[in-house]
Structures are given as structure tokens and as C-alpha cells.
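Commentary on secondary and tertiary structure
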Amino acid sequence: MSQSNTQDTLVGLFVAAGIAGLFFLALQVSNLSSFTEQAGFTVTARFENSGGLKVKSLVSAAGVKVGQVSKITFDPKTFDSVVEMRIFSQYDNIPSDVSASIYTAGLLGEQYIGLGKGSSDEYLKQNSEIEFTNSAIILEKAISQFLFKSAEEKAEEKK
Amino acid sequence: MDFFQHLGKETRGGFTKLGRGTFFLFYTLKGLFSIVVRPRLLLNQMYSVGVLSCLIIAISGLFVGMVLGLQGYYILSDFGAEETLGLMVAASLVRELGPVVSALLFAGRAGSALTAEIGLMKATEQLSGMEMMAVDPIKRIITPRFVAGFLSMPLLVGLFSAIGVLGGQMVGSGMLGVDEGAYWSQMQANIDFYDDIVNGFIKSLVFGFIVSWIALFEGYDTVPTSEGVSRATTRTVVNSAFSILGLDFILTALMFGDD
């Protein structure tokens, strides 16, 4: 009997160690601890081009995370991209006339939405829309514009 | 002509074996209820399949994590991105190396032992003896081992990955001077619970299922001679390795394909 008791103990230890490992992975390694759906409200913004923005991309104000992109859709009437984002409820005093721009973190990094400054007395709330937006910079567009412009200048010089 | 005859025979043999394997799996699963009646059988097998594999899994996990830490550091420091070492170690462990390497080790450590044990039982006619005593050898012998393997695998993978991440941290921040906070925060910011950890867990369940199935079936289907048992043991390890790596590719393509 004592032998099977030690065996029981070892099996118990094994199961506990395995589950502890899985828990460790879940809580320490992954973003589960910070994942818990934070309460918040949804605001939308229309961009001419949302570039490489993705669902779950960061929404930040002055470098602080204030929300997450929750949905990106295309509006075929205005050819805009409609970005819905969830702002955490503790930031319920963002002025309603802030601007939203799409930036890139680092040279090749992820794209995120940066909120600018605003001065309105009214605050962003559920379903409000951010009016002032700046689209993502598409590198190819910028380069082709630059080339086109410099070619134009040269042509004018020749005249 | 001989060639085609041979080819046809091999093909037919392969398919009949697959069919026998499927029926075998079916009967094994049919015996699941016997576990509820006799949990002690399962416990004994959890000991020999799971507990005894712990040491090799833990040590391998530690060294794999440490090597990942070293190699990752050398590569990432070229780009000035040593801080993402934690992410690299954890992502490769949780997504791929954890499930795959522990499944391969498991096939070598526990799978071969299962095949040899059952093959010898068949060769020494213990299985027929049980049938003579009206004890169903599938319920009594096979099903507990199958369930033990299936349940042990995810636990072993959890152990492997967790120890690997700690090993990577030991080398990364202990030896090479990566900031410890950056190691963990980069990891936590970028490893997703559902996309990475749950998918790795699903992989480990699939591998546990397939390795236990192959090992038990090869043992049960063995030619009852000493040579037959030795061949069956080899086949277990080889076929398990093939199935693990092949399935891993398919699972990865399915899970991480559309992001």
C-alpha cells in the first residue's frame, strides 16, 4: 500500500507541476493578465487611408495607451476607411475635437493611432466621431510624389 | 511486373494496417468508461508514462531555452534588438519547439516503452491469457495507457515551455546582460493567450493523441517474436516523428495562417 501511496504522490506532483507550467505560461508569458476586456466606449474616425492599421492596434495619447482599435471597415460611398476604437473608460475626459493620426512606431514598426491635442469643453463619448484625421503615410506615394515633383522642377528649369 | 506486384502489395498492406489502426482506436475509445470504474489503472500509467518522462522533459526544456537565449542574443544584438529576446524565446517555445520537441522526446521515452511492453505481452501471450480469463485486454491494458499518454502530453509541454522560458531568462539576463524587465515585458506584450498559448496547447493534445495511438497500435499489432517487437519499437519512434512533424506543419498552417 505504501508503494502505491508514493506513486499517487508522484503522479499528483506531476499533474500539479504540469498545470503550474501551463498557468505560468498563461499568466506570466502571455498578455492574458492585461487582456481582461477593459471597460470602455467606442468612438469612430474616418481616414482617407488606414495603411497597415490592424484590429488590436494601439491607440495612444502622448505615448500613453488609452485604447485599442476594435474594427476597421471600408465605406464604399466616401472611399474612406472607418476605424472604430475602444477608449478605456478612465479616459472619459478627452476633448471631442482631438485629432487622430496614424503613425508608425519606429521605421518599420507597427502602425498605431496617435491622438493629438484638443481644446473643446465637450468630451469624447460612446459613438462620437473624431473629425480631424491624418491618414497613414504610404511610403510609395510619398516617394512617387517626391520624384514627380523633382522631375517637374527640372522641366521648369529647362524652360 | 515484379515491381508492380510489390508496389500493389505494399499499398494494400499500408491501407489494411491503417484500417486495423482505426478499428483499434475505435475499440480503445470504446473502453473509456472502464477508466471511470478503475481509476487506479490510469494512475499507474500516468506514473510510468508521465512522471518518469518528467526529468528528460525538464532538462531538455532547460537546455533548449538556454540555447535559444544564446543564439537569439547573438542574432538580435546585430540589430540592436536584444530586448526582444524574451519574445523570441517565448514565441518559438510556446508555438513550435515546446509541443514538437516534447512530443518527439515523449515518443522516444514513453512511446517506445509502451510499444515494447505491449509487444512483449503479446509475444508471451499474456494478452491471449487475459482473453481466456474473460478480461478484455483493450479495456484493461490499452485504454488506460492511451488516456495516460493523452493527458500527460499537455502537462509535459507546459513544463517544457515554462522551464525553457526560465532557462532563456537565465542565460539572457544572467549571463548576457539583457534587462530582465525588458525580457518579460516584451514577452507579455507580444505573446497572445489565444493565438499562441492555446494553439500550442491544442498542438500538444493532438501530438499526445497521435503518439499514444501509434505506440499502442504498433505494440498491439506486432509480430509476436523478439525481432517483431524490436521492429515495432523502431516503427513507433519513426512513425511518431513523421506524424508529429507533418501534423505540426498542417496545424501551424491552419492556426497561424490568417492573421
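Described below are features of the structure shown in this document. (Residues numbered from 1 in each chain as written. Chains lettered and ligands numbered in written order. Predicted model: local features only at pLDDT ≥ 70, side-chain atom pairs only at ≥ 80, totals over all residues. Heavy atoms only, no water.)

**Topic: the sheet that holds strand S2 (residues 58–61) of chain A**
All names here are of chain A. Our working definition: In short, DSSP must find at least two bridges between two strands for them to pair. Counting from the N terminus, the helices are the DSSP runs of H or I reaching at least four residues and the strands are the DSSP runs of E reaching at least two.
Strand order in the open sheet made by the eight strands is S7-S1-S4-S3-S2-S6-S5-S8, with mixed pairing throughout. With one partner strand each, in any of the chains shown, strand S7 (129–130) and strand S8 (132–134) form the two edges of the open sheet. Of the strand pairs in this sheet, strand S5 (residues 99–104) and strand S6 (residues 111–115) are connected by five bridges, and their pairing is antiparallel. Across the sheet, the residue bridging to Thr-104 is Gln-111, located in S6.

**A short note on the nonpolar core**
Stated formally: The term nonpolar core refers to a set of buried residues drawn from Ala, Val, Leu, Ile, Met, Phe, Trp, Tyr and Cys, joined through side-chain atoms within 4.5 Å. For every residue, the accessible area (1.4 Å probe, protein chains only) is compared with the maximum for its type, and the residue is labelled buried under 20%, exposed over 50%, or partly exposed between those bounds. Every residue pair with non-hydrogen atoms within 4.5 Å of one another is taken to be in contact.
A:Val29, B:Val165 and B:Met187 are the most contacted members of the largest nonpolar core, which totals 66 residues. When neighbours within four sequence positions are excluded, B:Met187 is seen to be in contact with A:Val29, B:Gly86, B:Leu87, B:Ala90 and B:Val165. Counting residues in hydrophobic clusters, the runner-up holds 20 residues, among them A:Phe41, A:Val43, A:Val98 and A:Leu115.

**Some remarks on a negative patch on the surface**
Residues and elements named next belong to chain A. Counted only if it meets this: Only residues above 30% relative accessible area that lack a salt bridge enter a patch, with like-charged residues linked at up to 9 Å and the nonpolar side chains Val, Leu, Ile, Met, Phe, Trp and Tyr linked at up to 5 Å. Every accessible area reported is derived by Shrake-Rupley at a probe size of 1.4 Å, with residue values counting cover from the shown protein chains alone. Take a side-chain nitrogen of Lys or Arg and a carboxyl oxygen of Asp or Glu: if they are within 4 Å of each other, that pair is a salt bridge. All tallies of charge rest on Lys and Arg as positive and Asp and Glu as negative; His and the ends of each chain are not included. For charged residues, the charge sits on one atom: NZ in Lys, CZ in Arg, CG in Asp, CD in Glu.
Taken together, the side chains of Glu-152, Glu-153, Glu-156 and Glu-157 make up a negatively charged region of the molecular surface. Along the chain, the position of Glu-153 falls in helix H3 (residues 139–158). On the accessibility criterion, Glu-153 (46% relative accessible area) is partly exposed.

**Regarding helix H9 (residues 226–256) of chain B**
Heads up, the condition is: Expected helix span is given by 1.5 Å per residue-to-residue step, counting one fewer step than there are residues.
With 31 residues, H9(B) extends 44 Å from end C-alpha to end C-alpha; this agrees with the ideal 45 Å at 1.5 Å per step. If you follow the buried residues of H9(B), they end up packed against helix H4 (85–123) and helix H8 (193–220) of chain B.

**Focus on the environment of B:Val237**
All names here are of chain B. Position of Val-237 relative to the elements: it lies in helix H9. Take Val-237: its relative accessible area is 33%, and that puts it in the partly exposed class. Between the alpha carbons of Val-237 and Ala-215 there is a distance of 8.0 Å; along the sequence they are 22 residues apart. In this structure, Val-237 is in contact with Ala-107, Gly-108 and Ser-112, ignoring residues within four places of it in sequence.

**Examining unusual backbone geometry**
For A:Phe79, which is not glycine, the phi torsion reads 55 degrees and is therefore positive. As for its position among the elements, A:Phe79 is in the loop between strand S3 (64–75) and strand S4 (80–88). Of note in this structure, B:Glu125 is not a glycine but carries a positive phi near 60 degrees. Considering the arrangement of structural elements, one finds B:Glu125 in the loop between H4 and helix H5 (126–132).

Shape descriptors only; they carry no functional weight alone.
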